[in-house]
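# Summary of the model geometry
Here is how the chains run, residue by residue.
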Amino acid sequence: NDFVRSFWDKKFESIPLGTYAETNHTLAKCGLVENIVLHNRSENTILIVLRRDIVSQCVSYLTRNDFGNITLAWQWYLHPSYLKKIVNPEPFFKFGVVGLPLWYCYEMAARQEYYLQKFSAKVQMVEVTLENAITDIGANQLYNNLGFRGNVTIPPKKNANASVPNAQLTDTIRNITSKINADMSQLVSDAIKARFSF
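Right, let's walk through the structure included here. Here the structure is a predicted model, which is why all the values come from computation and not from measurement.

In this section: the packing of aromatic side chains. Evaluated as defined, the whole model comprises 17 aromatic pairs. Seen in terms of ring centroids, Phe196 and Phe198 are 4.9 Å apart; in terms of plane orientation they differ by 85°. Their pairing is edge-to-face. Classification of Phe196 as buried rests on a relative accessible area of 18%. The exposure class of Phe198 is partly exposed, given its relative accessible area of 23%. Taken together, Tyr114, Tyr115, Phe119, Phe196 and Phe198 form an aromatic cluster joined through their ring pairs.

All right, on to unusual backbone geometry then. The backbone of Asn65 sits at a positive phi, close to 60°, despite the residue not being glycine. For Asn65, the location among the structural elements is in the loop between helix H3 (54-64) and helix H4 (70-76). Look at Arg195: it is not a glycine, yet its phi comes out positive at around 70°. When you line up the elements, Arg195 lands in the segment after helix H9 (184-193). The exposure class of Arg195 is exposed, given its relative accessible area of 75%.

With that settled, consider the packing of helix H5 (residues 99-119) against H9. Between H5 and H9, the shortest axis-to-axis distance is 9 Å and the interhelical angle comes to 60°. Where H5 crosses over H9, the handedness of that crossing is right-handed. Facing Tyr106, Ala109, Ala110, Glu113, Tyr114, Gln117 and Lys118 of H5, the residues of H9 in contact are Met184, Ser185, Val188, Ser189 and Ile192.

Conventions and cut-offs
- Residues numbered from 1 in each chain as written.
- Predicted model: local features only at pLDDT ≥ 70, side-chain atom pairs only at ≥ 80, totals over all residues.
- Heavy atoms only, no water.
- Phe/Tyr/Trp six-rings, centres within 6.5 Å; stacked < 30°, edge-to-face > 60°.
- Buried < 20%, exposed > 50% of the residue type's maximum accessible area, 1.4 Å probe, protein only.
- Helix = DSSP H or I, 4+ residues; strand = E, 2+ residues; numbered from the N terminus.
- Axes fitted to C-alpha atoms, helices over the stretch in contact; angles between N-to-C directions.
- Left-handed = near helix turned anticlockwise from the far one by under 90°.
- Contact = heavy atoms within 4.5 Å.

Everything listed here is a matter of geometry and, on its own, says nothing about what the molecule does.
In structure tokens, the structure reads:
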């Protein structure tokens with residue numbers, strides 16, 4: 001809508017020329033990709049499609065209680081009552097407190113696939129997993145894929161979750177995800193053919 005487009009007009013005007021990095025993941029949920037294309041920023045933009053193991057991701061959310069308060073879901077993540085979603089949240093509700101963060105993980109995976117299918121021909125996207133990017137080899141691959149040359153050294157962790165993930169919780173999430181058969185590529189392809197859009 002006009003309000004969102006106005007936000008992106010101001011945002012892009014404030015970005016200096018030259019190398020600039022934005023790491024706020026919430027921006028990808030409010031029109032970033034579409035507006036990069038609309039504002040002809042695609043030639044000078046690289047988007048990192050960062051994936052993470054769904055079990056580890058979900059356990060992290062649960063350990064930090066990220067979905068314990070609805071205001072956090074609305075401010076930083078997504079809530080299943082949001083109208084524009086790709087993954088049906090209903091089947092996840094039967095998992096209790098695990099359901100909301102687990103649905104969110106699958107919804108984000110679907111959105112990554114959506115943007116890849118819809119816009120990867122218009123803006124460069126580099127795919128990487130968190131598990132690979134935090135290794136010396138993976139960090140160097142990412143650095144080179146972003147167009148830089150040379151080697152990088154991974155700095156020590158500064159914001160790692162201090163609490164150790166609960167082994168039983170991890171096993172529970174792994175058991176649930178092992179029974180979910182989600183073909184994101186097909187799901188998103190079908191949604192796009194049905195004229196779904198954000």
